[in-house]
Every structure is written in structure tokens, then in C-alpha cells.
Amino acid sequence: MIHRHRAAAAAPVIIALAMASSLTGWLGQSPKSVPKPESVLGWKPCADYKLSTYEQITDYLRAVDKVSDRMKIVDLGKTSEGRTQIMAIVSSPENLKPEKLKKYAQISRDLSQVSVNDGKAQQLAKDGKTIAWVDFGIHATEVGPQQVAPQFAYDLVTSETPEAKSIRDNVITLLVPNVNPDGGTSVPKWYMDHVGGPYQDSTYPELYQKYSGHDNNRDWFMFNLPETRNLGQVLFHDWLPQLVYNAHQTASYPARIFIPPFKDPSNPNIPPEIIRGINSIGGDMTLRLDREGKEGAVSRQQYDGWWNGGLRSAPAFHNQVGILTETAHASATPAFNDPAKFPATFPYQGVSTKEPSAFYPSPYKGGEWHLSQSCAYIETTEWALLRAADLDREQWLYGSYRMGKQAIAAGGDTAYVIPADQADFPTATKMVNVLRKGNIRVEVAKSSFTVGNRQYPSGSFIVREAQPYRPDVVDLLNPQTYPDRRNPDGSPERPYDMAGWTLQYQMGVTVDKVNTKLNVKTAAVDTAAVPQSTIPAKAGYAYALDARQNDSFTAVNNLLQAGQKVTRTTQAVKTSLGEWPAGTFLIQSRTGTDAAVKQQALKLGITVAAVDTAPASTMSVSLPRVGLYHGYPGNADEGWTRLVLENFQFPYQRVHDKDVRTGNLRDKYDVIVLPDASYNSMLNGARAGSLPPEYTGGMTQAGVDNLVKFVQAGGKLVTVNDATELGIRAFGLPVTDVTSGVPNTSYYSPGSVVANTVQAGHPLTYGLPANLDVYSDGSPAFAVQAGAQNVTAPVSYPAGGLLRSGWLLGENVIANRSTVVDAKVGSGDVVLLGMSVQHRAEAHGTFKLLFNSLYLGGEH
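Residues numbered from 1 in each chain as written. Predicted model: local features only at pLDDT ≥ 70, side-chain atom pairs only at ≥ 80, totals over all residues. Heavy atoms only, no water.

J.: Account for the overall build of the chain, with residues named and values stated.
T.: A tally of regular secondary structure across the chain gives 24 helices and 39 strands. By its C-alpha atoms, the chain is 85 × 65 × 55 Å across when sized along the principal axes. A burial count over the chain gives 62% of its 860 residues as buried. Sequence-distant contacts in the chain: of pairs separated by 6 or more residues, those separated by 24 or more amount to 79%. Looking at charge distribution, the chain has the averaged site of its 79 positive side-chain charges lying 3 Å from that of its 81 negative ones. (Helix = DSSP H or I, 4+ residues; strand = E, 2+ residues; numbered from the N terminus. Buried < 20%, exposed > 50% of the residue type's maximum accessible area, 1.4 Å probe, protein only. Contact = heavy atoms within 4.5 Å. Lys, Arg positive; Asp, Glu negative; His and termini not counted. Charge placed at Lys NZ, Arg CZ, Asp CG, Glu CD.)

J.: So, helix α6 (residues 143-158): which residues are in play, and what are the values?
T.: Here α6 spans 24 Å end to end across 16 residues, near enough to the 22 Å set by a 1.5 Å rise per residue. Along α6, the largest kink reaches about 40° and is centred on A149; proline P150 follows within four residues of it. Within α6, 16 of the 16 residues are buried, which leaves it mostly tucked inside the rest of the structure. (Expected span 1.5 Å × (residues − 1). Bend = angle between axes of the 7 residues up to and from the residue.)

J.: So what's going on with the state of the cysteines? Which residues, and what values?
T.: One pass over the full model with this rule turns up one disulfide. Each sulfur in the disulfide pair C46 and C375 lies 2.1 Å from the other. When the S-S torsion is -90°, as for the bridge of C46 with C375, the disulfide is left-handed. Placement of C46 in the loop between α2 (37-41) and α3 (54-67) and of C375 in helix α11 (residues 371-391) is noted, with a sequence separation of 329 residues between them. The same class applies to C46 and to C375, which are both buried. (Disulfide = S-S within 2.5 Å.)

J.: Which residues make up unusual backbone geometry, and what values go with them?
T.: Cis geometry marks the peptide bond from Q249 to T250; its omega dihedral reads 10°. Along the chain, T250 turns up in the loop between β6 (243-248) and β7 (257-258). P254 follows Y253 through a cis peptide bond whose omega is 10°. The topology assignment puts P254 in the loop between β6 and β7. A positive phi angle is found at H329, which is not glycine, with a value near 70°. For H329, the position within the fold is in the loop between β11 (321-327) and β12 (335-337). H329 gets classed as buried once you look at its relative accessible area, which sits at 9%. You will see that A841, though not glycine, has its phi angle at about 60°, which is positive.

J.: Quick rundown of the pattern of salt bridges? Include the residues and the values.
T.: For the structure shown, the criterion picks out 43 salt bridges. The residue K405 makes a salt bridge to D118 at a minimum N-O spacing of 2.7 Å. In this pair, K405 is assigned in helix α12 (residues 393-411) and D118 in helix α5 (residues 118-127), connecting sequence segments 287 residues apart. R402 is the partner of E273 in a salt bridge, and the nearest nitrogen-oxygen pair spans 2.8 Å. Taken together, the positions of E273 in helix α10 (residues 272-291) and R402 in helix α12 put the pair 129 residues apart, joining distant regions of the chain. On the accessibility criterion, R402 (24% relative accessible area) is partly exposed. If you follow the salt bridges from partner to partner, you end up with E163, R288, E292, K294 and R387 in one network. (Salt bridge = Lys/Arg side-chain N within 4 Å of Asp/Glu carboxyl O.)

J.: Which residues make up the sheet that holds strand β26 (residues 608-611), and what are the values?
T.: Strand order in the open sheet formed by five strands is β26-β21-β25-β22-β27, and the pairing between neighbours is antiparallel. The open sheet has two edge strands, β26 and β27 (618-621), and neither has a second partner. With direction set aside, neighbouring strand axes in the sheet form an average angle of 35°. Two elements, strand β22 (residues 566-569) and strand β25 (residues 585-588), share three bridges in a ladder whose sense is antiparallel. Note that in β25 the partner of T567 across the bridge is L586. (Pairing = 2+ DSSP bridges. Axes fitted to C-alpha atoms, helices over the stretch in contact; angles between N-to-C directions.)

J.: I'd love a proper account of the nonpolar core, names of residues and values included.
T.: Ranked by internal contacts, the top residues of the largest apolar core, which has 81 residues, are M71, I281, L385 and L386. Of all the elements, α11 adds the most residues to this core, at 10 residues. Those residues in contact with I281, other than ones at most four positions away along the chain, are L243, V321, I323, L385, A388 and W396. (Core = buried A, V, L, I, M, F, W, Y, C linked by side-chain atoms within 4.5 Å.)

J.: An account of the pairing of β11 is requested, with residue identities and associated values reported.
T.: Counted residue by residue, β11 has seven buried out of seven residues, so it is predominantly covered. Two strands pair when backbone bridges link them, and β6 and β11 are joined in this way by six bridges, in the parallel orientation. The residue bridging L243 from the neighbouring strand is V321, located in β11.

J.: Would you mind going over the sheet that holds strand β5 (residues 171-176) in detail, with residue names and values included?
T.: Read from one edge to the other, the open sheet built from eight strands follows the order β2-β3-β5-β4-β6-β11-β7-β9, with strand pairing classed as mixed. The sheet is open, and its two borders are formed by β2 (71-78) and β9 (297-298), each paired with just one other strand. Alignment of β2 against strand β3 (residues 84-90), held across seven bridges, turns out to be antiparallel. Of the residues in β3, the one forming a bridge with V74 is M87. Running at roughly 140° to β2, α3 makes contact with β2 and β3 of the sheet.

J.: Break down α10 for me, citing the residues and quoting the values.
T.: Compared with an ideal rise of 1.5 Å per residue, which puts 20 residues at 28 Å, α10 spans 28 Å between its outermost C-alpha atoms and is within 8% of the ideal. Considered for burial, the residues of α10 that qualify are I274, G277, I278, I281, G282, M285, T286, R288 and L289. For α10, the angular spread of the buried residues around the axis is 160°, confining them to a single face. Seen from the open side of α10, the exposed residues pointing more than 90 degrees away from its buried face are P272, R276 and R291. G293 lies just past α10 and shows a positive phi near 80°. (Arc of directions from axis to C-beta.)

J.: If you had to explain the pairing of β27 to someone new, which residues and values would you point to?
T.: Of the two faces of β27, the one holding M619 and V621 is buried and the one holding T618 and S620 is not buried anywhere. Pairing geometry for β22 and β27, over four bridges, is antiparallel. Its bridge partner lying in β27, T567 is registered against S620.

J.: Go over the packing of aromatic side chains with me, naming the residues and quoting the values.
T.: Taken as a whole and judged by the stated rule, the model has 31 aromatic pairs. The interplanar angle of 50° and the centroid separation of 4.9 Å between the aromatic rings of F258 and Y303 together place this pair among those described as tilted. On the criterion of sequence distance, the pair formed by F258 in strand β7 and Y303 in the loop between β9 and β10 (304-305) is long-range, its members being 45 residues apart. The exposure classification of F258 matches that of Y303, with both residues buried. Ring plane angle 85° and centroid distance 4.9 Å describe the contact between Y632 and Y695, whose orientation is recorded as edge-to-face. Of the two residues, Y632 sits in the loop between β28 (626-630) and α18 (636-647) while Y695 sits in the loop between α20 (679-684) and α21 (700-712), which places them 63 residues apart along the sequence. Accessibility assignment for this pair places Y632 and Y695 in one class, buried. Linked through ring pairs, F553, F585, F648, F650, F847, F851 and Y855 together constitute an aromatic cluster. A cation sits over an aromatic face here: K263 above Y348, 4.9 Å from the ring centre. Just above the ring of Y505 sits the side chain of R804; from NZ or CZ to the centre is 4.0 Å. (Phe/Tyr/Trp six-rings, centres within 6.5 Å; stacked < 30°, edge-to-face > 60°. Lys NZ or Arg CZ within 6 Å of the ring centre and 35° of its normal.)

And the structure:
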């Protein structure tokens, strides 16, 4: 049990002693020219009841850079909120000379990318410096890492111990003070604004990353966020560090820190040398902690080695040793940990929290705890990593070459062809650029070529397995098969994150895997340009935009905002490029139409055709007034939905609980979207007293009643995944979620890609293929009552073969059940989207379900 203390109640002498004790591991004396952190921050890093913002911390680092020749600050780009993201490079003055930095970065790239032969690689490993990435937090509410960054930087720059000198001579440390600068300001500011008051220890009520919140550590193969792109350039292109350390909080209670080895399962695509390296450095860290008397380090709990997509996990697929630690006590408020109230065991394998064991040999005994102690643990592990980087320098460097060479040999002739003649080639091109951001080698065919009976046109992309980062290629472009792992009671052992994430399945892109030597001239792709668009010379009746292409929706939104007239066909239509399906967008010619359509086509690479005569049946399209529900505290699915709407030019307004409670929603909105959230969380919101009153209480029953009135008056309510429960219950729909109440031993879908079948011609399915892959995370499945009126279910699970990637128990429970339902209520609609329709802005293949749902509010 943790008891937190208010600032006024703290015992100053105990706090000072605890801080002094916890900081004994911080090394070295300051040369007079280098300022100590407290001289700039105003307090010692990790002090009780004090949190520094990102701006304060970067001000300190820039102050060090001005006076020290052992640090160089690099600006990496802008964050989602417009802050400048920085990185500090720390090494010896000799290593930091511009020509030397350039040399060592090139050595790292040459070795990692296997640009040299064996003999040259061995020499480069002797000549090079280990590149070690150490970051200080990605989740802003995990305050310890970012708070210790100034102290660690000071110690690394100023310490004159033999260890520190050797590290500076042999290691180039890429010190990232905060992966999430925006949250690194908003969270400390929230705490400092409330310290000493009733909400001192309350949770920051918004997403601490503008779009993703905690999911900012789920974006490292997709690169949707500016921060991920900034740092991905460093990780996978510019520096390619051999060692990557990503510091987090918190550990499984009551442990003081989690350190690898990770628990099983391990992803089979990760090189054995990486797994061994992770385990070795984890051992170095725990040993150093125990030598310094810092007890309570635990391993093989909570975090596995399966998933690709995190800051510590994505590097493993690039032959980089990725380390994650999780340190206890993510608060500047001291706490007392009562050992009498410790849980008997840790969650995994029933390991005792009190008795020594193989991966918890020095149990934490409880007592008073301060953030300064957590910071001291973090700094100890940072030193342990850099010592390992120093002592085994040549092997880390040559190992990156060796693994890359092994990957090339293992790839053989296997390749993945991304055909240029698929329906949504612009999205396929986006997928290519996702791969390129991870430095996956991609080629483009300069002529048509044939594999077996399939001819591929010029412009098709090719990804060969024979490349240094083959582990990432194989992992992203093949289905995952998660092992059926059970707890002692027979329940499934939950994966740490996703069980399956196959990229082309999520993005709705056709990729053909071939196992033969390709006879075609190609060119390397740096960044894939949008496809070349051909505009008809004359439109006749109207220009046609293909609804099978996601960016046709972007174009339509831009054209509508520019005042163009847009309609949609309700059945197949003949165009200059052949017959196109129902849902095709038509832009009738008027002043400025030719130029406007051409501009969108060239910018987005979409396909444009001509229609000569008016179709028999169309519906007009206007920009819907979209309201996106936002509850407190922040919901990552709401944030990702905002990002998708912005990327595809859908205007929206956020709808807060007070707005829903107030009512009159139909006067303001045509469509309201409820992102993935439980009915209870939307209804009740944050508990009274947990946050200031304006952030608590939810939409309440009055708000639910107002949503009903909104739909009855002609509004469209779009509910996503778990939020579909509100749609069913509040409106009394003749629909049942067949998964409700089913134990996870009978139905379990822990983040997997599953197959669906699509009914063509329905307004919700315009542009979708007959077979659709959807992302399921414990998602519902619907049974519509026999004889129900005004209810359609245009997307369903097939009878069998549901699992496409990941892990699925209970296929029989959801087989032949519906995943999408459209129910007419009064003058409006309730849409149930029973999947993660835009999952982390990755699931481009199902975006159209959301987009078509929004257009229900703008079609007449």
C-alpha cells in the first residue's frame, strides 16, 4: 500500500537525508565553468514536490553546451505542439569535432547497413566508437527519467573518474532529454500548479501527447507522430546506435525497478545476438544496482519480447540492442510503502515479492520512498549501459555488421511485390514510405515484369528480404502467430501489447510474396512520390474520383471547402476508365472545377476519370458538421481519431461532457463520433474528487438522453468498438453483442487482425473490397434480431478462417456475426463499428468505414 504525503506534512530532515542517501551514486565534481543543474532549474533535480518542465531542462542543457566542449546540442525538428525537440551528444572534445562526429556516424552506418566487406568492417569496428542512445522518458506522467536528465548530463560531462573518462573517449552518447517534450511541459506544470492542494497527486486530465497520449510508445514502425519521425531519423538513418536505452516507470509493485531479461514469448524474427545482448546488459544493470546497495530489481515480469512498435522493441528488428527499464514511484510526492500490505506474489509465474528468487534476489523491504531514489536507480542503470558500451566497443560495432550480413544471406531470393495496379495505390505508396522511415530498402520497377502467371506493371515496388534489416521486413510483411500461452487457471496470458500487426493487412494494401529471382531493372527508393495522376482532357458531365482510394475522401473534402459540387453514385457507373462501383464521387463541371480537380489529383496521386452522362441515381454530398466526443481524462482513441480526421481534411469540433449534458446537439452537429471507450467511462467519467470538478462526472444519463434526442432529430451517432455498447443500450436496438459476458477462455482477441466479408453497395461500405481485414482488440460481434426493421449489417465475420495475424480464441463465438450495423432511429442513424476502425492511425484499410459513416451526415 502506498501512502502519499502532502507537501506541508513532509518531514524536512527525513527528506534531506533520503535525498542525500539516494544521490551518493551521482559522480564527480563540477569544473567551475559548467553550471550545476540547480543553478538553472532553481532546485536540485528530483527534489521532493518539484518538477521541471521540458523548457527548463533544455535551458539547462543549452547552458552546458555553451561552456563545455564535451556536449553538443542538436535540434531535431518540431513536436506536435510546435516545440523544438533536441538531443545532446556527449563525448570527448576530440570525438565531438565536426569531422570526427561525421566519421563515427558514417562508420556506424557502414557497419549497420553492410556497406563494406569483412576486412573493412573489422577495421571500422576497431576505429569506431560505440553509439549509445540513452533517453529520459517517453510517457510524460512517468516523471523520474526526465527529471534526472539534467543531473545525468552534468555527471557525464563533468565526472573525472576513470570510468567516465573512458566512456567519453570510446562512446558517443546520444542523450535525448525527453521523447515527449509537449507532455514534458504540461504534466510538470499541472503538478506544480496543484502542489500542496487537494489535487496535488491527480492525473493530468488530457492526453500528454497531443494525438496519442500513452500510445506515443506504440508508433515506432508507423511513424505517424512528428516526435517519432524526428527521433526515427536519428535511430534508423543518421546514427544507427548499437545500444538503445528507453527509460520508463513503473515497476511491478513492490519492486523498485524492472530490468530485462524480458519474459516470454520472444519474437522469432529478433536475432539471437540481440536477445543475448539485452540479457547481458540487463545483468550488468542489476549487478551494479546490488553492488551499490540499491535493492528491489526484478526481471522477467510484465514485459515480453514479442511486439514490434515500441521505442525499445523496434530497434531489435534493426539489429540494435533495445533496453527498457521501469522504475518505481512516478511522483515528486514522497510515499511510504508498507511491507505488510505488499502483494504476496508478482503477476507472472507466482514469484514471491518477499523471498529471494532467481530474478528477484534482493527483495525491496519497504519504507519511505522519494523520487530522488528512483532517479538514482535510473542513473545507475544509465552508467551500467555506457560502461558496457565502452568495454565491449568493438563487438557492439562489429556485431551490427555481422547480424546485417547474416540477414542478407538468410533473405535469399524472397521478395515482396507491391503491385502498381491495385485499387488504392496511393495508400500502397504511403506504406512504402512507412517502410522507408524505418530504413527498409525498397526498389521501384522501371519496366513491367512477370512472376509465374502474374504480370506486374512498371512502377510496382519491390522489398527484398536480402537486406540488413530483414528481421523488420519479415516481421512487418508476414502474419504473426502468437503462441497459445495460458495462466495456471487456464485463462490466456495477455500479450504485453499487440499480438498481430501485419502492416499490409492493417493498411489494406496488396502485397505478393514471391520466392524466385526477379528479372527486372529497378531503382532504389528514397521517398516514394505520390502516384502519377492522369487527368481527363474533358470531363463531360463530371469528373469521377474513385472511392476505393482513401485520398479521394481528402480531395472531396478539399473540393467541398472550395465550393465545388459533389455527388456520389448509388450504383455502378461507367467512366472513361471502365466501370466503377457504387459510391464513386462525381464533381460536376463549373467555374474553377478543372483547375481544382487537377490540383487535388496531382497533390494526392488519386485516379480521376470522366463521366459523360448523368447517372440514374446519385446523392449529394456536403461537408458534415462533425462532433468528436472527448471525455476526461484523455482517451488515446479520440486523439488518434483527431489525427486521422486532420490528415484527411475532415473538419470537426470536440464535444465535451458539459456539451453533451447541455443538449441541443442537433443544432450544432450532423454527426457525433464516440471513440473507443466503455459505456461506464463515458457515462460516469472521472470520479468526483479525483480531479477538479470541471473534469469529473462524465456525460451522465442526461447526456445519454440528449444523444438519443440528437439521433431522433436526424443526427448520425457513430460508435467505435467498446462505445457500441452505448449505442445498443441507450437506443434499445434489436442488436446483441454475442461476446458480452463470455469468459476469455471462450473468446479472446488481444490485438489481432481478423477477416471480414463486405456487402457491396451499402453506403457504409462504398469503396471497400469484398474481403476486409480489421483490427480487433476484444472487439464485439453483433447478432441482429430476426425480423428487425430498419437495421442493416453490411460487414460480418465469415464462417471460418477468421484469424489473419495474431491470436484468437473462440472463433466459433463470432463466426457469421456482424461487425458493422446501421440502425435507423427516428430521423437519424446509429452506426455500430465493432472494431478498432482507425487503430492508432495504422488501419488505413478500414478508414473508409469511418469516412462513409461521417458522410451519412452530409448526404441528401
